[in-house]
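The lines below spell out each chain.
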Amino acid sequence: MQLIDNFLPIEDFLQIKNKLLNNDFPWYYNDGVNKPDEEHTQFIHYFYKGGFPTDSYGTIAPLIKKINPVAIARIKANLVLQSKNIIEHGMHRDYDHENLTTAIYYVNSNNGYTKFKSGEEIKSLENRLIVFKCNLLHSGTTCTDKKRRVVINFNFT
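Residues numbered from 1 in each chain as written. Predicted model: local features only at pLDDT ≥ 70, side-chain atom pairs only at ≥ 80, totals over all residues. Heavy atoms only, no water.

Caption draft 1: Structural detail: the overall build of the protein chain. For the protein chain, the count of helices and strands is 2 helices and 11 strands. Counting helices and strands in the order they occur from the N terminus, the protein chain gives β-α-β-β-β-α-β-β-β-β-β-β-β. In terms of C-alpha radius of gyration, the protein chain reaches 14 Å, essentially the compact-globule figure of 15 Å for 157 residues. On the principal axes, the C-alpha backbone points of the protein chain span a range of 35 × 35 × 30 Å. Counting only residues that meet the buried cut, the protein chain has 46% of its 157 residues in that class. Carbon together with sulfur atoms contributes 49% to the accessible area of the protein chain, which is approximately 8,400 Å² in total. With 19 positive and 17 negative side-chain charges, the protein chain shows a spacing of 2 Å between the two charge centroids. (Helix = DSSP H or I, 4+ residues; strand = E, 2+ residues; numbered from the N terminus. Rg over C-alpha atoms; globule rule 2.2 N^0.38 Å. Buried < 20%, exposed > 50% of the residue type's maximum accessible area, 1.4 Å probe, protein only. Areas by Shrake-Rupley, 256 points an atom, 1.4 Å probe, with all protein chains shown as cover. Lys, Arg positive; Asp, Glu negative; His and termini not counted. Charge placed at Lys NZ, Arg CZ, Asp CG, Glu CD.)

Caption draft 2: Seen up close, the pattern of salt bridges. For the coordinates displayed, the defined rule picks out 3 salt bridges. The shortest N-O distance in the salt bridge between Glu 126 and Lys 17 comes to 2.7 Å. Taken as a pair, Glu 126 in the loop between strand E8 (121-123) and strand E9 (128-133) and Lys 17 in helix H1 (residues 10-21) lie far apart in primary sequence, 109 residues in all. For Glu 126, a relative accessible area of 27% translates into the label partly exposed. Between Glu 88 and Lys 115 there is a salt bridge whose closest N-O contact spans 3.5 Å. (Salt bridge = Lys/Arg side-chain N within 4 Å of Asp/Glu carboxyl O.)

Caption draft 3: Focus on the confidence of the model for the protein chain. When pLDDT is averaged along the protein chain, the result is 93; 95% of the residues meet or exceed 70. At the low end of the mean pLDDT range in the protein chain sits strand E2 (residues 28-30), at 88; at the high end sits H1, at 98. (pLDDT = per-residue confidence, 0-100.)

Caption draft 4: Spotlight on the packing of aromatic side chains. For the coordinates displayed, the defined rule picks out 6 aromatic pairs. Aromatic side chains Phe 25 and Trp 27 sit 5.3 Å apart centroid to centroid with 65 degrees between the ring planes, which places their arrangement in the edge-to-face category. Accessibility assignment for this pair places Phe 25 and Trp 27 in one class, buried. Seen from their ring centres, Tyr 29 and Phe 43 are 5.9 Å apart, and the 70 degrees between their planes marks the pair as edge-to-face. (Phe/Tyr/Trp six-rings, centres within 6.5 Å; stacked < 30°, edge-to-face > 60°.)

Caption draft 5: Focus on the pairing of strand E3 (residues 42-49). Inspection of the sheet shows E2 paired to E3 by 3 bridges, in the antiparallel sense. The residue bridging Asn 30 from the neighbouring strand is Gln 42, located in E3. Across 5 bridges, E3 lies against strand E5 (residues 72-81) in antiparallel orientation. Bridging across to E5, Tyr 48 finds its partner in Ile 75. Across 2 bridges, the pairing between E3 and strand E4 (residues 52-53) is antiparallel. Residue pairing in the sheet places Lys 49 in a bridge with Phe 52 of E4. Hairpin connection, E3 to E4: the antiparallel pair is bridged by 2 residues, and Gly 50 has positive phi, about 65 degrees. (Pairing = 2+ DSSP bridges.)

Caption draft 6: Spotlight on H1. Taking 1.5 Å of rise per residue, the 12 residues of H1 would be expected to cover 16 Å, and the 16 Å separating its terminal C-alpha atoms lies within 8% of that figure. For H1, the full list of buried residues reads Phe 13, Ile 16, Lys 17, Leu 20 and Leu 21. Along the long axis of H1, the arc covered by the buried residues comes to 115 degrees, so they all point the same way. Opposite the packed face of H1, turned more than 90 degrees from it, sit the exposed residues Glu 11 and Gln 15. (Expected span 1.5 Å × (residues − 1). Arc of directions from axis to C-beta.)

Caption draft 7: Broad picture of the sheet that holds E8. Overall, antiparallel pairing links the 3 strands, which are arranged E8-E7-E10 in an open sheet. Two strands bound the open sheet, and with one partner strand each, they are E8 and strand E10 (138-139). For strand E7 (residues 113-116) and E10, the ladder comprises 2 bridges, and the chain directions are antiparallel. The partner of Phe 116 across the bridge, within E10, is His 138.

Written out as structure tokens, the structure reads:
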């Protein structure tokens, strides 16, 4: 596992943060966090899905350039709303494939975190990137101190 703080230059980070946290950025309701029909829901935005970039792919160009993937499986932003208590969404694997890598980019700082099966918790600190094997069990959470928690999830080789 690799953790990198201040991943992007401040100008690139602020451009992405301001775009994703803007009231005009399109978020789409997802009926569940890890799978449909869960008790909890989230909002999502795809930048790369089904083998193709979406219209908003360029929004995160500095991230893609710095991560420098050989091939992309998926890039998706996740937004969960503030909750009264922190809710862990359950352990999952993005893909059960040992040759893929996951990177989580934290768009805003809050008291939410990413938790791994080992018990290790990575705090949501803006402009932080964590990189790990795609089949590693992990869970995201809500936050209680901000209106929303926003991350961008990359699955790539």
